[in-house]
Amino acid sequence: RNRAPRRTPAIFALAMAAKLGDDATRAAALAAVNDVCVIGTDLFQFVAALEAFGGWGRGTRRAVAKWYLDKAPSALALQLVKYQRREGWAHRDVLRLCKPSGHVRGGATDAALRWATCGADDAGGDVHADLALIYAAERAKLAVNVKEIVGLINGAGLPRECVPTAFLNDTSVWAALLDNRGRGMSNEALIRNLGKMTSIGLIKPLSAAESAVCTQIMSERVLQRTHPVKFLTAAGGYASGHGVKGDFIWAPSQHVVRTLNDAFVASLKYGTATGKRIMIAVDVSGSMDWPTTATRGGITARQAAAALALWLASVEPNVHVVAFS
(Lines give C-alpha, C1' and ligand atoms only; values in the text may rest on other atoms or scores of the structure.)
Protein backbone atom coordinates (compact mmCIF):
# COMPACT_ATOMS: atom_id res chain seq x y z
CA ARG A 1 0.00 0.00 0.00
CA ASN A 2 3.06 2.27 -0.27
CA ARG A 3 2.94 3.04 3.47
CA ALA A 4 6.64 2.44 4.19
CA PRO A 5 8.79 5.56 4.67
CA ARG A 6 11.35 4.04 2.30
CA ARG A 7 11.23 1.09 -0.08
CA THR A 8 14.98 0.42 0.13
CA PRO A 9 14.82 -2.33 2.82
CA ALA A 10 12.07 -4.17 0.92
CA ILE A 11 14.07 -3.95 -2.32
CA PHE A 12 17.17 -5.32 -0.58
CA ALA A 13 15.13 -8.20 0.88
CA LEU A 14 13.60 -8.87 -2.54
CA ALA A 15 17.03 -9.13 -4.17
CA MET A 16 18.25 -11.43 -1.39
CA ALA A 17 15.21 -13.70 -1.85
CA ALA A 18 15.65 -13.66 -5.64
CA LYS A 19 19.27 -14.82 -5.40
CA LEU A 20 19.54 -16.86 -2.20
CA GLY A 21 16.10 -18.41 -1.74
CA ASP A 22 14.92 -21.88 -2.75
CA ASP A 23 13.17 -22.35 -6.09
CA ALA A 24 9.73 -21.30 -4.83
CA THR A 25 11.15 -18.24 -3.03
CA ARG A 26 13.14 -17.11 -6.05
CA ALA A 27 10.11 -17.47 -8.31
CA ALA A 28 7.90 -15.50 -5.91
CA ALA A 29 10.52 -12.77 -5.52
CA LEU A 30 11.02 -12.33 -9.26
CA ALA A 31 7.26 -12.25 -9.81
CA ALA A 32 7.02 -9.38 -7.30
CA VAL A 33 9.62 -7.11 -8.92
CA ASN A 34 7.01 -4.93 -10.66
CA ASP A 35 5.04 -4.47 -7.42
CA VAL A 36 8.01 -3.62 -5.19
CA CYS A 37 10.11 -1.61 -7.66
CA VAL A 38 7.67 1.18 -8.42
CA ILE A 39 10.00 3.74 -9.99
CA GLY A 40 13.29 3.66 -11.87
CA THR A 41 15.29 4.41 -8.73
CA ASP A 42 13.84 1.26 -7.13
CA LEU A 43 14.84 -0.83 -10.14
CA PHE A 44 18.42 0.47 -10.01
CA GLN A 45 18.60 -0.32 -6.28
CA PHE A 46 17.31 -3.84 -6.99
CA VAL A 47 19.87 -4.37 -9.75
CA ALA A 48 22.71 -3.07 -7.54
CA ALA A 49 21.66 -5.48 -4.78
CA LEU A 50 21.47 -8.35 -7.27
CA GLU A 51 25.06 -7.69 -8.26
CA ALA A 52 26.11 -7.83 -4.60
CA PHE A 53 24.36 -11.19 -4.19
CA GLY A 54 26.02 -12.82 -7.15
CA GLY A 55 24.80 -11.24 -10.38
CA TRP A 56 22.22 -12.14 -12.98
CA GLY A 57 20.54 -15.35 -14.05
CA ARG A 58 18.03 -16.18 -16.76
CA GLY A 59 15.05 -15.67 -14.43
CA THR A 60 16.45 -12.35 -13.23
CA ARG A 61 16.87 -11.10 -16.80
CA ARG A 62 13.26 -12.01 -17.61
CA ALA A 63 11.92 -10.28 -14.48
CA VAL A 64 13.87 -7.07 -15.12
CA ALA A 65 12.90 -7.03 -18.81
CA LYS A 66 9.27 -7.47 -17.75
CA TRP A 67 9.58 -4.32 -15.62
CA TYR A 68 10.12 -2.35 -18.83
CA LEU A 69 7.79 -4.23 -21.17
CA ASP A 70 4.74 -4.34 -18.88
CA LYS A 71 4.48 -0.54 -18.78
CA ALA A 72 2.37 1.51 -21.17
CA PRO A 73 4.64 3.53 -23.50
CA SER A 74 3.80 6.86 -21.84
CA ALA A 75 4.51 5.43 -18.36
CA LEU A 76 7.75 3.88 -19.62
CA ALA A 77 8.79 7.22 -21.12
CA LEU A 78 8.33 8.91 -17.73
CA GLN A 79 10.56 6.34 -16.00
CA LEU A 80 13.26 6.58 -18.66
CA VAL A 81 13.30 10.38 -18.61
CA LYS A 82 12.83 11.13 -14.91
CA TYR A 83 15.17 8.47 -13.48
CA GLN A 84 17.96 8.27 -16.03
CA ARG A 85 20.80 7.34 -13.68
CA ARG A 86 20.91 6.19 -10.05
CA GLU A 87 23.08 3.95 -7.87
CA GLY A 88 25.82 3.95 -10.53
CA TRP A 89 23.43 2.45 -13.09
CA ALA A 90 21.69 3.85 -16.18
CA HIS A 91 18.82 2.31 -18.12
CA ARG A 92 21.24 1.62 -20.96
CA ASP A 93 23.33 -0.61 -18.67
CA VAL A 94 20.29 -2.52 -17.39
CA LEU A 95 18.72 -2.97 -20.83
CA ARG A 96 21.95 -4.33 -22.30
CA LEU A 97 22.04 -6.94 -19.53
CA CYS A 98 18.38 -8.00 -19.56
CA LYS A 99 17.94 -7.77 -23.38
CA PRO A 100 14.12 -7.36 -23.43
CA SER A 101 12.36 -9.03 -26.35
CA GLY A 102 8.77 -9.60 -27.37
CA HIS A 103 7.75 -5.98 -27.87
CA VAL A 104 6.48 -4.67 -31.20
CA ARG A 105 9.38 -3.60 -33.40
CA GLY A 106 8.90 -0.06 -34.59
CA GLY A 107 6.26 0.64 -31.94
CA ALA A 108 6.37 3.26 -29.18
CA THR A 109 7.89 0.88 -26.61
CA ASP A 110 10.62 -0.12 -29.06
CA ALA A 111 11.41 3.55 -29.79
CA ALA A 112 11.54 4.38 -26.07
CA LEU A 113 13.95 1.53 -25.33
CA ARG A 114 16.17 2.48 -28.29
CA TRP A 115 16.28 6.05 -27.01
CA ALA A 116 17.34 4.84 -23.56
CA THR A 117 19.99 2.56 -25.06
CA CYS A 118 21.34 4.57 -28.00
CA GLY A 119 20.30 8.17 -27.37
CA ALA A 120 18.41 10.64 -29.52
CA ASP A 121 20.31 9.99 -32.74
CA ASP A 122 19.28 6.33 -32.87
CA ALA A 123 15.76 6.55 -31.41
CA GLY A 124 14.58 6.57 -35.03
CA GLY A 125 11.18 5.77 -36.44
CA ASP A 126 8.03 7.82 -36.59
CA VAL A 127 6.98 10.30 -33.93
CA HIS A 128 4.84 8.54 -31.29
CA ALA A 129 2.30 10.56 -29.29
CA ASP A 130 2.98 8.41 -26.21
CA LEU A 131 6.61 9.50 -26.20
CA ALA A 132 5.98 13.25 -26.00
CA LEU A 133 7.96 13.39 -22.77
CA ILE A 134 11.07 11.94 -24.41
CA TYR A 135 10.87 14.45 -27.25
CA ALA A 136 10.38 17.23 -24.67
CA ALA A 137 13.47 16.08 -22.75
CA GLU A 138 15.53 16.26 -25.94
CA ARG A 139 14.19 19.72 -26.80
CA ALA A 140 15.03 20.92 -23.27
CA LYS A 141 18.70 20.15 -23.90
CA LEU A 142 18.65 22.65 -26.79
CA ALA A 143 16.49 25.32 -25.10
CA VAL A 144 17.93 28.82 -25.18
CA ASN A 145 15.40 30.71 -23.05
CA VAL A 146 13.08 30.28 -20.07
CA LYS A 147 9.95 30.52 -22.21
CA GLU A 148 10.85 27.28 -24.00
CA ILE A 149 11.39 25.41 -20.73
CA VAL A 150 8.15 26.68 -19.21
CA GLY A 151 6.30 25.64 -22.35
CA LEU A 152 7.73 22.11 -22.11
CA ILE A 153 6.79 21.84 -18.43
CA ASN A 154 3.24 23.05 -19.03
CA GLY A 155 2.75 21.21 -22.31
CA ALA A 156 4.50 17.86 -21.85
CA GLY A 157 4.95 17.70 -18.08
CA LEU A 158 8.74 17.95 -18.29
CA PRO A 159 10.04 16.84 -14.86
CA ARG A 160 12.44 18.90 -12.79
CA GLU A 161 15.21 16.35 -13.41
CA CYS A 162 15.21 17.29 -17.12
CA VAL A 163 15.38 21.05 -16.63
CA PRO A 164 18.91 22.26 -17.48
CA THR A 165 20.75 23.65 -14.46
CA ALA A 166 21.01 27.08 -16.08
CA PHE A 167 17.23 27.53 -15.77
CA LEU A 168 16.82 26.35 -12.16
CA ASN A 169 17.27 29.82 -10.68
CA ASP A 170 14.27 31.26 -12.52
CA THR A 171 11.02 31.78 -10.59
CA SER A 172 8.82 31.17 -13.64
CA VAL A 173 10.37 27.71 -14.13
CA TRP A 174 9.70 26.72 -10.53
CA ALA A 175 6.21 28.24 -10.70
CA ALA A 176 5.48 26.00 -13.69
CA LEU A 177 6.85 22.96 -11.84
CA LEU A 178 4.68 23.87 -8.85
CA ASP A 179 1.59 24.21 -11.05
CA ASN A 180 2.36 20.84 -12.63
CA ARG A 181 3.11 18.96 -9.39
CA GLY A 182 2.45 15.28 -9.88
CA ARG A 183 3.94 15.58 -13.38
CA GLY A 184 6.76 18.12 -13.23
CA MET A 185 7.46 17.66 -9.52
CA SER A 186 6.39 14.96 -7.07
CA ASN A 187 5.02 15.78 -3.62
CA GLU A 188 8.23 14.61 -1.97
CA ALA A 189 10.31 16.71 -4.37
CA LEU A 190 8.07 19.68 -3.52
CA ILE A 191 8.93 19.33 0.18
CA ARG A 192 12.60 18.74 -0.59
CA ASN A 193 12.88 21.92 -2.70
CA LEU A 194 11.11 24.37 -0.37
CA GLY A 195 14.45 26.04 0.45
CA LYS A 196 15.31 26.46 -3.22
CA MET A 197 11.93 27.99 -4.10
CA THR A 198 12.25 30.38 -1.16
CA SER A 199 15.82 31.39 -1.97
CA ILE A 200 14.90 32.53 -5.49
CA GLY A 201 11.88 34.51 -4.22
CA LEU A 202 9.03 32.30 -5.43
CA ILE A 203 7.87 31.44 -1.90
CA LYS A 204 7.53 34.62 0.14
CA PRO A 205 5.06 35.93 2.75
CA LEU A 206 1.45 36.19 1.49
CA SER A 207 2.38 35.02 -2.01
CA ALA A 208 0.29 32.70 -4.20
CA ALA A 209 3.14 30.17 -4.25
CA GLU A 210 3.29 30.11 -0.44
CA SER A 211 -0.45 29.43 -0.30
CA ALA A 212 -0.27 26.72 -2.99
CA VAL A 213 2.62 24.94 -1.27
CA CYS A 214 0.91 24.93 2.13
CA THR A 215 -2.38 23.72 0.65
CA GLN A 216 -0.57 20.87 -1.11
CA ILE A 217 1.36 19.82 2.00
CA MET A 218 -1.85 19.60 4.06
CA SER A 219 -3.78 17.66 1.40
CA GLU A 220 -5.06 14.24 2.44
CA ARG A 221 -3.04 12.44 -0.21
CA VAL A 222 0.27 13.95 0.93
CA LEU A 223 -0.47 13.43 4.62
CA GLN A 224 -1.38 9.81 4.06
CA ARG A 225 1.63 8.94 1.87
CA THR A 226 4.37 10.80 3.76
CA HIS A 227 6.05 9.49 6.91
CA PRO A 228 5.54 11.89 9.87
CA VAL A 229 9.28 12.15 10.54
CA LYS A 230 9.81 13.44 6.99
CA PHE A 231 7.56 16.43 7.79
CA LEU A 232 9.43 17.05 11.06
CA THR A 233 12.81 16.80 9.31
CA ALA A 234 11.64 19.16 6.56
CA ALA A 235 10.38 21.66 9.16
CA GLY A 236 13.72 21.64 10.99
CA GLY A 237 15.81 21.90 7.85
CA TYR A 238 13.65 24.58 6.25
CA ALA A 239 13.38 26.69 9.43
CA SER A 240 17.19 26.69 9.75
CA GLY A 241 17.37 28.81 6.60
CA HIS A 242 20.38 27.03 5.14
CA GLY A 243 21.34 23.81 3.41
CA VAL A 244 23.23 20.90 4.94
CA LYS A 245 26.64 22.44 4.21
CA GLY A 246 25.52 25.99 5.00
CA ASP A 247 26.47 27.49 1.62
CA PHE A 248 22.86 27.75 0.44
CA ILE A 249 20.65 30.15 2.42
CA TRP A 250 17.09 31.51 2.43
CA ALA A 251 14.70 33.46 4.68
CA PRO A 252 12.13 30.82 5.74
CA SER A 253 8.42 31.51 5.46
CA GLN A 254 6.74 31.31 8.87
CA HIS A 255 3.57 29.99 7.25
CA VAL A 256 5.47 27.12 5.59
CA VAL A 257 7.24 26.22 8.86
CA ARG A 258 3.89 26.14 10.72
CA THR A 259 2.35 24.04 7.95
CA LEU A 260 5.14 21.46 8.06
CA ASN A 261 4.75 21.13 11.82
CA ASP A 262 0.97 20.89 11.47
CA ALA A 263 1.45 18.21 8.81
CA PHE A 264 3.63 16.20 11.21
CA VAL A 265 0.85 16.19 13.82
CA ALA A 266 -1.91 15.55 11.27
CA SER A 267 -0.04 12.60 9.71
CA LEU A 268 0.38 10.75 13.02
CA LYS A 269 -3.10 9.23 12.77
CA TYR A 270 -2.21 7.19 9.67
CA GLY A 271 -0.13 4.66 11.57
CA THR A 272 -1.55 1.16 11.94
CA ALA A 273 -1.95 -0.14 15.50
CA THR A 274 -0.65 -3.59 16.42
CA GLY A 275 -2.80 -3.81 19.57
CA LYS A 276 0.18 -5.09 21.56
CA ARG A 277 1.39 -3.71 24.90
CA ILE A 278 4.40 -1.50 24.15
CA MET A 279 6.93 0.20 26.39
CA ILE A 280 8.95 2.95 24.73
CA ALA A 281 12.24 3.88 26.36
CA VAL A 282 13.64 7.18 25.08
CA ASP A 283 17.32 8.03 25.53
CA VAL A 284 17.60 11.59 26.93
CA SER A 285 21.37 11.66 27.47
CA GLY A 286 23.56 14.47 26.17
CA SER A 287 24.69 12.50 23.13
CA MET A 288 21.13 12.68 21.76
CA ASP A 289 21.68 16.37 20.93
CA TRP A 290 23.67 15.45 17.82
CA PRO A 291 21.97 15.85 14.42
CA THR A 292 20.83 12.58 12.91
CA THR A 293 22.66 11.32 9.83
CA ALA A 294 19.51 9.76 8.35
CA THR A 295 17.68 13.09 8.31
CA ARG A 296 20.66 15.03 6.91
CA GLY A 297 20.85 17.14 10.04
CA GLY A 298 17.23 18.34 9.86
CA ILE A 299 16.53 17.24 13.44
CA THR A 300 18.53 15.94 16.39
CA ALA A 301 18.52 12.34 17.55
CA ARG A 302 16.50 13.47 20.60
CA GLN A 303 13.81 15.03 18.40
CA ALA A 304 13.66 11.92 16.20
CA ALA A 305 13.27 9.64 19.22
CA ALA A 306 10.57 11.86 20.71
CA ALA A 307 8.74 12.02 17.39
CA LEU A 308 8.67 8.24 17.01
CA ALA A 309 7.52 7.87 20.64
CA LEU A 310 4.73 10.38 20.02
CA TRP A 311 3.72 8.57 16.84
CA LEU A 312 3.45 5.19 18.57
CA ALA A 313 1.66 6.73 21.54
CA SER A 314 -0.85 8.34 19.17
CA VAL A 315 -1.62 5.10 17.34
CA GLU A 316 -1.28 2.28 19.86
CA PRO A 317 -3.92 1.83 22.61
CA ASN A 318 -1.51 0.36 25.22
CA VAL A 319 1.69 2.39 25.46
CA HIS A 320 3.96 3.34 28.39
CA VAL A 321 6.77 5.82 27.78
CA VAL A 322 9.86 6.13 29.97
CA ALA A 323 13.12 8.07 29.67
CA PHE A 324 16.64 7.00 30.50
CA SER A 325 20.12 8.51 30.40
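Scroll up a little and you will see the structure.
Please read all numbers here as calculations on a predicted model, not as lab measurements. Along each chain, numbering runs from 1 in the same order as the chain's sequence is written. Predicted model: local features are reported for residues with pLDDT of at least 70 only, side-chain atom pairs are reported and counted for 80 or more only, and whole-chain, interface and lining totals are derived from all residues. Heavy atoms throughout the structure, all of them, feed into the side-chain values; hydrogens and water do not.

S.K.: Is there a simple way to explain the overall build of the protein chain in this structure?
M.R.: A tally of helices and strands in the protein chain yields 18 helices and four strands. Once the C-alpha set of the protein chain is aligned to its principal axes, its extents read approximately 65 × 55 × 30 Å. Within the protein chain, counting contacts between residues at least 6 apart in sequence, those at least 24 apart form 64% of the total. Total accessible area on the protein chain is roughly 16,900 Å²; 55% of this is exposed by carbon and sulfur atoms. A run of H or I in DSSP becomes a helix once it reaches four residues, and a run of E becomes a strand once it reaches two; helices and strands are each numbered from the N terminus. In this description, contact between two residues means that some pair of their heavy atoms is separated by no more than 4.5 Å. Computed with a 1.4 Å probe, the accessible areas rest on the Shrake-Rupley method; for each residue, only the protein chains presented here act as cover.

S.K.: What am I meant to see in the packing of helix H7 (residues 91-98) against helix H8 (residues 108-118) here?
M.R.: Helix-helix packing is characterised by the crossing angle of the two axes and by the distance between the axes. Here, axes are lines fitted to C-alpha atoms. For helices the fit covers the stretch in contact, and angles between N-to-C directions go from 0 to 180 degrees. Where H7 meets H8, the closest approach of the two axes is 7 Å, and the angle between their N-to-C directions is 115 degrees. As judged from the angle between their axes, H7 and H8 are roughly perpendicular. Every pair of crossing elements has a handedness; the one defined by H7 and H8 is left-handed. Judged by residue contacts, His91, Arg92, Leu95 and Arg96 of H7 engage Leu113, Ala116 and Thr117 from H8. Polarity classes work like this: nonpolar for Ala, Val, Leu, Ile, Met, Phe, Trp, Tyr, Cys and Pro, charged for Asp, Glu, Lys and Arg, and polar for all others, with Gly in that last group. Looking at the contact of H7 with H8 residue by residue, the classes come out as three nonpolar, two polar and two charged. Orientation is classified from the angle alone, with under 35 degrees giving roughly parallel, over 145 giving roughly antiparallel, 65 to 115 giving roughly perpendicular, and any other angle giving oblique. For any helix crossing, the convention is left-handed if the near helix is rotated counterclockwise from the far helix by under a right angle, and right-handed if that rotation is clockwise.

S.K.: Would you explain the nonpolar core in this entry?
M.R.: For soluble globular proteins, nonpolar side chains are generally found buried alongside one another. By size, the foremost hydrophobic cluster in this structure holds 87 residues, and its most contacted members are Phe46, Tyr68, Val94, Leu158, Leu194, Phe231 and Leu260. When sequence neighbours within four positions are dropped, the list of residues in contact with Phe231 reads Ile191, Ile217, Val222, Leu223, Thr226, Leu260, Ala263, Phe264 and Ser267. Among the buried residues, those of types Ala, Val, Leu, Ile, Met, Phe, Trp, Tyr and Cys that are joined through side-chain atoms within 4.5 Å form a nonpolar core. The rule is simple: take the accessible area with a 1.4 Å probe, protein chains only, and divide by the maximum for that residue type; under 20% is buried, over 50% is exposed, in between is partly exposed.

S.K.: Would you mind going over the environment of Val47 with me for this structure?
M.R.: Looking at the element boundaries, Val47 is found in helix H4 (residues 40-52). The exposure class of Val47 is buried, given its relative accessible area of 0%. The spatial distance from the C-alpha of Val47 to the C-alpha of Glu87 is 9.1 Å, given a sequence separation of 40 residues. When residues no more than four places from it in sequence are discounted, the contact partners of Val47 are Trp56, Trp89 and Val94.

S.K.: Even after reading the chapter, I still don't get the packing of aromatic side chains, so can you show me in this structure?
M.R.: Any pair of aromatic rings gets described here by the distance separating the centres and the angle formed by the planes. Think of it this way: a Phe, Tyr or Trp ring, Trp meaning its six-membered ring, pairs with another when their centres are within 6.5 Å, and the plane angle makes it stacked under 30 degrees, edge-to-face over 60, tilted otherwise. Tallied over the entire structure, the rule returns four aromatic pairs. Summarising the aromatic geometry, the rings of Trp67 and Tyr68 are spaced 5.0 Å apart at their centres and angled 85 degrees between planes, so their arrangement reads as edge-to-face. Each member of the pair, Trp67 together with Tyr68, is buried. A connected cluster of aromatic rings, assembled from ring pairs, spans Tyr238, Phe248 and Trp250. For a ring to carry a charge above it, either NZ of a lysine or CZ of an arginine must fall within 6 Å of the ring centroid while also lying within 35 degrees of the normal to the ring plane. Positioned above the aromatic ring of Trp67 is the side chain of Lys71, whose terminal nitrogen or guanidinium carbon lies 3.6 Å from the ring centre.

S.K.: Just to check I follow, could you spell out the pattern of salt bridges for this structure?
M.R.: Note that side chains of opposite charge can pair when their charged atoms are close. Put simply, a salt bridge is a Lys or Arg side-chain nitrogen that is within 4 Å of an Asp or Glu carboxyl oxygen. Tallied over the full model, the rule gives nine salt bridges. The partner of Glu161 in a salt bridge is Arg160, with the nearest N and O atoms 3.7 Å apart. Using a relative accessible area of 30% as the deciding quantity, one classes Glu161 as partly exposed. Residues Asp289 and Arg302 are paired through a salt bridge, measuring 2.5 Å at the closest nitrogen-oxygen approach. Here the residue Asp289 occupies a position in the loop between strand E3 (278-283) and helix H18 (301-315), and Arg302 occupies one in helix H18, the gap between them amounting to 13 residues. Arg302 gets classed as partly exposed once you look at its relative accessible area, which sits at 29%. The network of salt bridges with common partners includes Lys82, Arg160 and Glu161.

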